[in-house]
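Remarks on the overall topology
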Amino acid sequence: MKIKKSDIEAVAVKPSQYPPENLKEIAFAGRSNVGKSSLLNLLTGRKKLARVSGSPGKTRTINFYLINDAFRIVDLPGYGYAKVSKSVSQDWGEMMEKYLSSRQNLLKVIQLVDIRHEPSKQDVEMYEYLRYYGLDGIVVATKADKVSRNQIPKQLKQIRQTLKLGKEDIVIPVSALKRTGYEELLDVIEELLGE
(Lines give C-alpha, C1' and ligand atoms only; values in the text may rest on other atoms or scores of the structure.)
Protein backbone atom coordinates (compact mmCIF):
# COMPACT_ATOMS: atom_id res chain seq x y z
CA MET A 1 0.00 0.00 0.00
CA LYS A 2 1.11 3.54 -0.70
CA ILE A 3 -0.17 6.52 1.24
CA LYS A 4 -0.63 9.24 -1.35
CA LYS A 5 -2.81 11.63 0.61
CA SER A 6 -2.99 12.46 4.30
CA ASP A 7 -4.66 15.34 6.12
CA ILE A 8 -5.56 16.09 9.69
CA GLU A 9 -9.32 15.67 9.98
CA ALA A 10 -10.01 16.24 13.67
CA VAL A 11 -8.31 17.02 16.97
CA ALA A 12 -10.36 15.71 19.87
CA VAL A 13 -10.40 15.53 23.64
CA LYS A 14 -13.95 14.15 23.89
CA PRO A 15 -16.21 11.89 21.78
CA SER A 16 -18.38 14.78 20.52
CA GLN A 17 -15.28 16.03 18.66
CA TYR A 18 -14.54 12.72 16.91
CA PRO A 19 -15.23 12.50 13.18
CA PRO A 20 -18.17 10.27 12.15
CA GLU A 21 -17.69 6.48 12.37
CA ASN A 22 -17.94 6.14 8.60
CA LEU A 23 -14.36 5.02 7.93
CA LYS A 24 -12.16 2.28 9.39
CA GLU A 25 -9.58 3.49 11.90
CA ILE A 26 -6.19 2.19 12.98
CA ALA A 27 -4.75 3.87 16.04
CA PHE A 28 -1.17 4.22 17.25
CA ALA A 29 -0.25 4.22 20.94
CA GLY A 30 3.08 4.49 22.72
CA ARG A 31 5.06 6.11 25.46
CA SER A 32 6.00 9.73 25.09
CA ASN A 33 9.21 10.05 23.00
CA VAL A 34 8.96 6.52 21.54
CA GLY A 35 9.02 8.08 18.06
CA LYS A 36 5.32 7.97 17.20
CA SER A 37 5.22 11.30 15.33
CA SER A 38 8.34 10.36 13.33
CA LEU A 39 6.76 7.02 12.41
CA LEU A 40 3.47 8.61 11.31
CA ASN A 41 5.38 11.13 9.19
CA LEU A 42 7.39 8.27 7.62
CA LEU A 43 4.24 6.25 6.85
CA THR A 44 2.49 9.20 5.24
CA GLY A 45 5.58 10.56 3.50
CA ARG A 46 4.97 13.97 5.06
CA LYS A 47 7.61 15.66 7.15
CA LYS A 48 5.26 17.65 9.35
CA LEU A 49 1.91 15.86 9.42
CA ALA A 50 2.42 14.78 13.03
CA ARG A 51 4.38 17.30 15.05
CA VAL A 52 7.70 15.96 16.26
CA SER A 53 8.59 17.57 19.54
CA GLY A 54 11.82 17.92 21.48
CA SER A 55 9.88 17.68 24.71
CA PRO A 56 8.00 14.40 25.20
CA GLY A 57 4.34 14.30 26.15
CA LYS A 58 3.26 17.00 23.71
CA THR A 59 0.38 15.09 22.11
CA ARG A 60 -2.44 15.70 24.59
CA THR A 61 -5.25 15.20 22.12
CA ILE A 62 -6.50 12.38 19.93
CA ASN A 63 -5.53 13.34 16.39
CA PHE A 64 -7.46 11.86 13.46
CA TYR A 65 -5.69 11.78 10.08
CA LEU A 66 -7.66 11.07 6.91
CA ILE A 67 -5.58 8.75 4.71
CA ASN A 68 -6.13 8.37 0.93
CA ASP A 69 -9.74 9.51 1.57
CA ALA A 70 -10.31 5.86 2.54
CA PHE A 71 -9.44 5.30 6.22
CA ARG A 72 -8.04 7.06 9.28
CA ILE A 73 -4.86 6.81 11.27
CA VAL A 74 -5.48 7.92 14.83
CA ASP A 75 -2.63 9.31 16.93
CA LEU A 76 -3.32 8.64 20.62
CA PRO A 77 -1.66 10.73 23.35
CA GLY A 78 1.72 9.50 24.54
CA TYR A 79 1.73 7.97 28.02
CA GLY A 80 4.22 7.56 30.83
CA TYR A 81 5.96 10.92 30.80
CA ALA A 82 7.00 11.81 34.34
CA LYS A 83 6.86 15.61 34.06
CA VAL A 84 3.16 15.62 33.35
CA SER A 85 0.96 16.32 36.35
CA LYS A 86 -1.18 13.53 37.84
CA SER A 87 -4.42 15.23 36.83
CA VAL A 88 -3.28 15.58 33.21
CA SER A 89 -2.21 11.93 32.98
CA GLN A 90 -5.54 10.92 34.54
CA ASP A 91 -7.38 12.97 31.90
CA TRP A 92 -5.39 11.17 29.18
CA GLY A 93 -6.35 7.81 30.67
CA GLU A 94 -10.05 8.70 30.61
CA MET A 95 -9.77 10.17 27.11
CA MET A 96 -8.07 7.00 25.80
CA GLU A 97 -10.51 4.70 27.56
CA LYS A 98 -13.51 6.51 26.08
CA TYR A 99 -12.02 6.21 22.61
CA LEU A 100 -10.90 2.57 22.90
CA SER A 101 -14.09 1.31 24.52
CA SER A 102 -16.65 3.11 22.37
CA ARG A 103 -15.25 3.49 18.86
CA GLN A 104 -17.10 0.98 16.66
CA ASN A 105 -14.96 1.52 13.55
CA LEU A 106 -11.59 1.03 15.32
CA LEU A 107 -9.93 -2.07 13.84
CA LYS A 108 -6.67 -2.23 15.76
CA VAL A 109 -4.26 -0.29 17.94
CA ILE A 110 -0.62 -0.57 16.92
CA GLN A 111 1.53 -0.25 20.01
CA LEU A 112 4.98 1.30 19.76
CA VAL A 113 7.84 0.31 22.05
CA ASP A 114 11.48 1.39 22.00
CA ILE A 115 13.59 -1.55 20.73
CA ARG A 116 16.52 -0.52 22.95
CA HIS A 117 14.75 -1.17 26.23
CA GLU A 118 12.62 -3.84 27.82
CA PRO A 119 8.98 -2.68 27.58
CA SER A 120 8.13 -0.54 30.62
CA LYS A 121 5.43 -1.21 33.19
CA GLN A 122 3.23 1.29 31.31
CA ASP A 123 3.89 -0.49 28.01
CA VAL A 124 2.78 -3.77 29.59
CA GLU A 125 -0.33 -2.12 31.10
CA MET A 126 -1.20 -0.55 27.75
CA TYR A 127 -0.83 -3.86 25.93
CA GLU A 128 -3.01 -5.65 28.51
CA TYR A 129 -5.55 -2.89 28.04
CA LEU A 130 -5.51 -3.41 24.26
CA ARG A 131 -5.84 -7.17 24.77
CA TYR A 132 -8.88 -6.57 26.99
CA TYR A 133 -10.57 -4.63 24.18
CA GLY A 134 -9.45 -7.12 21.50
CA LEU A 135 -7.29 -4.47 19.82
CA ASP A 136 -3.90 -6.12 20.42
CA GLY A 137 -1.69 -8.14 18.07
CA ILE A 138 0.64 -5.63 16.40
CA VAL A 139 3.71 -4.07 18.00
CA VAL A 140 6.22 -1.77 16.31
CA ALA A 141 9.72 -1.72 17.79
CA THR A 142 10.93 1.82 17.04
CA LYS A 143 14.48 3.20 16.79
CA ALA A 144 15.79 -0.02 15.22
CA ASP A 145 18.79 1.94 13.89
CA LYS A 146 19.98 2.41 17.50
CA VAL A 147 20.84 -1.28 18.00
CA SER A 148 23.13 -3.51 15.95
CA ARG A 149 21.60 -5.95 13.46
CA ASN A 150 22.76 -8.84 15.65
CA GLN A 151 20.93 -7.38 18.65
CA ILE A 152 17.57 -6.99 16.90
CA PRO A 153 16.37 -10.64 17.28
CA LYS A 154 17.34 -10.62 20.98
CA GLN A 155 15.49 -7.34 21.59
CA LEU A 156 12.40 -8.55 19.71
CA LYS A 157 12.39 -11.75 21.79
CA GLN A 158 12.53 -9.66 24.97
CA ILE A 159 9.59 -7.52 23.75
CA ARG A 160 7.59 -10.67 22.93
CA GLN A 161 8.26 -12.17 26.36
CA THR A 162 7.61 -8.99 28.37
CA LEU A 163 4.33 -8.22 26.57
CA LYS A 164 3.37 -11.94 26.62
CA LEU A 165 2.81 -12.00 22.87
CA GLY A 166 1.48 -15.08 21.12
CA LYS A 167 3.02 -16.69 18.03
CA GLU A 168 0.43 -15.02 15.77
CA ASP A 169 1.21 -11.54 17.15
CA ILE A 170 3.32 -9.34 14.87
CA VAL A 171 6.40 -7.37 15.95
CA ILE A 172 7.99 -5.11 13.33
CA PRO A 173 11.33 -3.36 13.87
CA VAL A 174 11.19 0.11 12.30
CA SER A 175 13.66 2.96 11.93
CA ALA A 176 12.22 6.33 10.94
CA LEU A 177 15.76 7.65 10.59
CA LYS A 178 16.95 4.91 8.20
CA ARG A 179 13.46 4.53 6.68
CA THR A 180 13.35 0.76 7.27
CA GLY A 181 10.53 -1.57 8.30
CA TYR A 182 7.71 0.79 7.46
CA GLU A 183 6.78 -0.99 4.19
CA GLU A 184 6.09 -4.14 6.19
CA LEU A 185 3.89 -2.08 8.53
CA LEU A 186 2.00 -0.61 5.56
CA ASP A 187 1.41 -4.18 4.27
CA VAL A 188 -0.01 -5.17 7.68
CA ILE A 189 -2.28 -2.09 7.65
CA GLU A 190 -3.45 -2.92 4.13
CA GLU A 191 -4.29 -6.46 5.27
CA LEU A 192 -6.24 -5.13 8.27
CA LEU A 193 -8.26 -2.80 6.07
CA GLY A 194 -9.03 -5.60 3.64
CA GLU A 195 -10.51 -7.88 6.31
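As the structure is a computational prediction, the values presented were derived from the model and not from experiment.

The subject of this paragraph is the environment of P20. Here P20 lies in the loop between β1 (6-12) and β2 (25-30). Take P20: its relative accessible area is 52%, and that puts it in the exposed class. Along the primary structure P20 and R103 are separated by 83 residues, whereas in three dimensions their C-alpha atoms are 10.0 Å apart.

Following the criterion strictly, the structure yields 10 salt bridges and no others. Residues R46 and D7 are paired through a salt bridge, measuring 3.7 Å at the closest nitrogen-oxygen approach. One end of the pair, R46, is in the loop between α1 (36-44) and β3 (62-67); the other, D7, is in strand β1, with 39 residues separating them in the sequence. Residue classification places R46 among the partly exposed residues on the basis of a relative accessible area of 35%. With relative accessibility at 37%, the residue D7 sits in the partly exposed group. For R72, the salt bridge goes to E9, with nearest N and O atoms at 2.6 Å.

Here we take up the pairing of β2. In regular strands, side chains alternate between the two faces of the sheet. Across the six residues that make up β2, a large majority, six, are buried. Where β2 meets strand β4 (residues 71-75), four bridges bridge the pair, whose relative direction is parallel. By the bridge assignment for β4, I26 is matched with I73.

Another aspect to go through is the environment of K14. Within the secondary structure, K14 is located in the loop between β1 and β2. Taking the C-alpha atoms as reference points, K14 and I62, separated by 48 residues in sequence, lie 8.6 Å from one another.

Conventions adopted
Residues numbered from 1 in each chain as written. Predicted model: local features only at pLDDT ≥ 70, side-chain atom pairs only at ≥ 80, totals over all residues. Heavy atoms only, no water. Helix = DSSP H or I, 4+ residues; strand = E, 2+ residues; numbered from the N terminus. Buried < 20%, exposed > 50% of the residue type's maximum accessible area, 1.4 Å probe, protein only. Salt bridge = Lys/Arg side-chain N within 4 Å of Asp/Glu carboxyl O. Pairing = 2+ DSSP bridges.

Don't take any of this as a statement about function, it's just geometry.
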